[in-house]
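# Overview (structure and organization)
Residue strings, one per chain:
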Amino acid sequence: MSRTEARASFPETRETEMTVCIGSNFPDADERIHAAIAFIREQTPWRDFASTRVFHSCGSIYGNALLRLRSRLSVEDFERLSKAYEKACGRTAEAKSRGEICIDIDLVTADGQILRDDYYAPYFAEGLRLLDEVESRAGMEQPTGDSRF
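Attention here is on the structure that accompanies the text. (Residues numbered from 1 in each chain as written. Predicted model: local features only at pLDDT ≥ 70, side-chain atom pairs only at ≥ 80, totals over all residues. Heavy atoms only, no water.)

### Re helix H5 (residues 122-138)
- An ideal rise of 1.5 Å per residue puts 24 Å on 17 residues; H5 measures up with 25 Å between its terminal C-alpha atoms.
- Every buried residue of H5 is listed here: Phe-124, Gly-127, Leu-128, Leu-130, Leu-131, Val-134 and Glu-135. Viewed end-on, H5 has its buried residues packed into an arc of 170°, placing them on one side of the element. Those residues of H5 that are exposed and aimed more than 90 degrees away from the buried face are Pro-122, Ser-136 and Arg-137. (Helix = DSSP H or I, 4+ residues; strand = E, 2+ residues; numbered from the N terminus. Expected span 1.5 Å × (residues − 1). Buried < 20%, exposed > 50% of the residue type's maximum accessible area, 1.4 Å probe, protein only. Arc of directions from axis to C-beta.)

This is the structure we're talking about:
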C-alpha cells in the first residue's frame, strides 16, 4: 500500500476551537482548577492551548480560569469527558443545589458559536480579556511532544 493510499484510509478529523470556563467555590479552588486544566491537557487531543491564571471576579470566592484550545474531540465528546471528570471529583446534583461547586467545566464556545449564557457574564468577559493578554504575550502553544495530535 502506498503512502497516499494509507493516508486516504484514515478520515480527516476536523478540529474545533473551544473556549472553556473552569470554576470552583471551594477553599482550594486554585488547586482544583489547575488540576482540571492539567486533566484537559492530558486527556484531550489538542493544539494551540492557552489558559489564564485563576481569577476571582469582584472579590468573589468563586475562582475561574478560561482556556482556549483546538481539539479533534467533538463537542459531545468534550462534554462527556468534562462531566465525567466533574463526577470523579465529587460533583453531585445535591451539592450543586446547596451551592457547593467542587469543580465546574463548561464548554462556552465552539468554533465561535456561543453554547452557554456564561459568555455574557462579567466574569467570562474578564476571563476573555485575560486570555487575550496571555495569547498576545506568548502566542498560543504550538504542537510539541506532549501534544496529543
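### As for the packing of helix H2 (residues 29-43) against helix H3 (residues 75-88)
- Packing of H2 against H3 brings their axes to within 11 Å, and their N-to-C directions diverge by 140°. The orientation of H2 with respect to H3, classified from their angle, is oblique. Note on packing geometry: the crossing formed by H2 with H3 is right-handed. Counted together, Arg-32, Ala-35, Ala-36, Phe-39, Ile-40 and Gln-43 of H2 and Phe-78, Leu-81 and Tyr-85 of H3 form the full contact between these two elements.
- Its residues assigned to classes, the contact of H2 with H3 shows 7 nonpolar, 1 polar and 1 charged. (Axes fitted to C-alpha atoms, helices over the stretch in contact; angles between N-to-C directions. Parallel < 35°, antiparallel > 145°, perpendicular 65-115°, else oblique. Left-handed = near helix turned anticlockwise from the far one by under 90°. Contact = heavy atoms within 4.5 Å. Nonpolar A, V, L, I, M, F, W, Y, C, P; charged D, E, K, R; others polar.)

### Concerning H3
- Helix length check: H3, at 14 residues, gives a terminal C-alpha distance of 20 Å against a target of 20 Å (1.5 Å per residue), a fit within 8%.
- Among the residues of H3, those classed as buried are Phe-78, Ser-82, Tyr-85 and Glu-86. Buried residues in H3, looked at end-on, bunch into an arc of 100°, giving them a common side. In H3, those exposed residues whose orientation departs by more than 90 degrees from the buried face are Glu-76, Arg-80, Lys-87 and Ala-88.
- On its buried side, H3 packs onto strand E1 (16-24), H2 and strand E4 (104-110).
- With its phi angle positive at about 105°, Gly-90 sits one or two positions after the end of H3.

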